[in-house]
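# Examination of the molecular architecture
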Amino acid sequence: MDRAGREFKALTGLRALAALWVVSLHYDSDISLCFPAWRHLHFLTAKGHLGVDIFFVLSGFVLAHVYHPFTAPLAMAGWRRFILYRLARIYPAHLTTTLVLIAMVFTARKIGVHMEGNYQSSWLLPNLILVHAWPPWDWSSTGAGWNYPSWSVSAEWFAYLFVFPLLYFLRRATRPVPSWVGGYLAIGILWLAWRWISWPTAWLMVSLEFIAGTYFYQTFLELPSCAAGWLRRFLPIFLAVLLLAVFLADDHTGRTLIYFSIPLIIIGLACEKNHAAGFLSTALLHWLGTISYSIYLTHAVVQKLFVYLERYWLIGQQDLAIRTLFALGMASTLIAASAALYYGVESPARKLIRHWS
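To start, this report covers the structure provided alongside it. Computed from a predicted model, the values in this text were never measured in an experiment.

What counts, and where the lines are drawn
Residues numbered from 1 in each chain as written. Predicted model: local features only at pLDDT ≥ 70, side-chain atom pairs only at ≥ 80, totals over all residues. Heavy atoms only, no water. Helix = DSSP H or I, 4+ residues; strand = E, 2+ residues; numbered from the N terminus. Rg over C-alpha atoms; globule rule 2.2 N^0.38 Å. Buried < 20%, exposed > 50% of the residue type's maximum accessible area, 1.4 Å probe, protein only. 1 Å grid on protein atoms, 1.4 Å probe; cavity = no way out; pocket = protein on both sides within 12 Å on 5 of 7 lines; lining within 4 Å. Points joined across faces, edges and corners; volume = space filled by probe spheres on them. Nonpolar A, V, L, I, M, F, W, Y, C, P; charged D, E, K, R; others polar. Expected span 1.5 Å × (residues − 1). Salt bridge = Lys/Arg side-chain N within 4 Å of Asp/Glu carboxyl O. Core = buried A, V, L, I, M, F, W, Y, C linked by side-chain atoms within 4.5 Å. Contact = heavy atoms within 4.5 Å. Phe/Tyr/Trp six-rings, centres within 6.5 Å; stacked < 30°, edge-to-face > 60°. Lys NZ or Arg CZ within 6 Å of the ring centre and 35° of its normal.

Helices and strands together make up the secondary structure of the chain, namely 16 helices and 0 strands. The C-alpha radius of gyration of the chain comes to 21 Å, within 12% of the 21 Å expected for a compact globule of 357 residues. C-alpha atoms of the chain, sized along the principal axes, occupy 60 × 45 × 40 Å. Taking all 357 residues of the chain together, 52% fall into the buried category.

Take a look at the structure:
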């Protein structure tokens, strides 16, 4: 939403799909245990990690829409307010889910129950203060996260603190270069990092996607009306062909297709007035997009509980009716817990901190 109050509803719906794609990756084995035929959809869920990439390019795009980082450098007071607002956005939900997980781990140890995960006490403080994906440590690839999806939240916090304030000066330095070239340059560097080192450090990955998103927002502002019309008209067809190609391709080719298509997807949806934007703006997807951050942070915590129940109840040996009820219970618990986190913590805490500021 910008200063005039405009919201790109289709992009909020895209956040929902990105978050659910990540969830499908992490829940793949749990769903397959309930429904063995689900394994035939592994080609779809296996690429769920690409939802994170979509999410952070989109995040840079939306934050550029809100804060206009290329127009003037943030004064110290403005930078402090920006940091406080972003902290209010990400930290209360992160702290809550981490504390819930600590309580679960402590309880499990007390009653002698094994809980999936590696919960070293030395990793707890870096997780709580959101530096576990920062340089020089970047423990994200080692699994050193109590709530494992929080590696990306830590990297996002790094980008807020150290990347966003530099965007004005970065844009000035690249002024002769068209904004779309700057965006694709950031995407290209990240793509090369994947080719060379397989897993680029989390803070680098998120920072480059963040930068790309801000440049692509500038591209959106400068887009000629004829190009916007072309995107509106052909975006649904492009998306259908792209998704088919991504799901059928190997992981490297799928990543390449998604990386270099993200700008067209986001800008095309921001142009609105097409069937793809209309679908993503529906009430259900818009609501799921609104609570998508809570879904992302909650899904690992819910999964820990249901993995234990899978073993305790021997779900894989139950009949189809029991397995179906179990899967529905897992899905409904995730949505209910995410909604509770959003309406009980994320939204009111954000409003309260912003009010105090």
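Moving on from the coordinates now.
The subject of this paragraph is empty space enclosed by the protein. This model, assessed by the stated rule, comprises 3 cavities of 30 Å³ or more. Roughly 80 Å³ of internal volume is contained in the largest cavity. Residue lining of the largest cavity: 13 residues in total, with Val52, Phe55, Phe56, Ser152 and Tyr296 positioned closest to the centre. A per-element tally of the lining of the largest cavity places helix H4 (residues 50–67) first, with 4 residues. Its residues assigned to classes, the lining of the largest cavity comprises 9 nonpolar, 3 polar and 1 charged.

Taking 1.5 Å of rise per residue, the 19 residues of helix H9 (residues 179–197) would be expected to cover 27 Å, and the 27 Å separating its terminal C-alpha atoms lies within 8% of that figure. Among the residues of H9, Ser179, Gly182, Gly183, Ala186, Ile187, Gly188, Leu190, Trp191, Ala193 and Trp194 are the ones counted as buried.

This part is about the pattern of salt bridges. Inspection of every chain in the model, using the stated rule, returns 4 salt bridges. The partner of Arg255 in a salt bridge is Asp53, with the nearest N and O atoms 3.9 Å apart. Here Arg255, found in helix H12 (residues 251–271), pairs with Asp53, found in helix H4; they are 202 residues apart in sequence, far enough to count as distant. The pair formed by Arg255 and Asp53 is uniform in burial state, with each residue classed as buried. Between Arg255 and Asp251 there is a salt bridge, with its nearest N and O atoms 3.8 Å apart. In this pair, Arg255 and Asp251 both sit in helix H12, 4 residues apart, roughly one turn of the helix. A cluster of three or more residues bridged by salt bridges with shared partners is formed by Asp53, Asp251 and Arg255.

The next thing to look at is unusual backbone geometry. One non-glycine residue with positive phi stands out, namely Leu130, at about 60 degrees. Note that Leu130 resides in the loop between helix H6 (124–128) and helix H7 (150–163). A positive phi angle is found at Leu314, which is not glycine, with a value near 50 degrees. Relative to the assigned elements, Leu314 resides in the loop between helix H15 (292–313) and helix H16 (320–356).

Turning our attention to the nonpolar core. Counting 96 residues, the largest nonpolar core has Leu11, Leu14, Phe61 and Leu269 as the members making the most contacts within it. Excluding residues within four positions of it along the chain, Phe61 makes contact with Phe8, Leu11, Gly213, Thr214, Phe216, Tyr217, Phe220, Ile266, Ile267 and Ala270. Leu101, Ala108, Trp123 and Leu128 belong to the second largest nonpolar core, which has 9 residues in total.

Applying the stated criterion across every chain yields a total of 27 aromatic pairs. Geometrically, the ring pair formed by Tyr308 and Tyr312 is stacked, given 5.8 Å between the ring centres and 25 degrees between the ring planes. Here the residue Tyr308 and the residue Tyr312 both occupy positions in helix H15, the gap between them amounting to 4 residues, near one helical turn. Its relative accessible area of 57% is what places Tyr312 among the exposed residues. Aromatic pair Trp313 and Phe326: ring centres 6.4 Å apart, planes at 85 degrees, arrangement edge-to-face. Remark: Phe326 occurs in helix H16 and Trp313 occurs in helix H15; sequence separation between them is 13 residues. A relative accessible area of 44% places Trp313 in the partly exposed class. Taking relative accessible area as the criterion, Phe326 reaches 5% and is therefore assigned buried. Grouping aromatic residues by their ring pairs yields a cluster made of Tyr67, Phe82, Tyr160, Phe164 and Phe210. Between Arg354 and the ring centre of Tyr85, over which it is positioned, the NZ or CZ distance is 3.8 Å.

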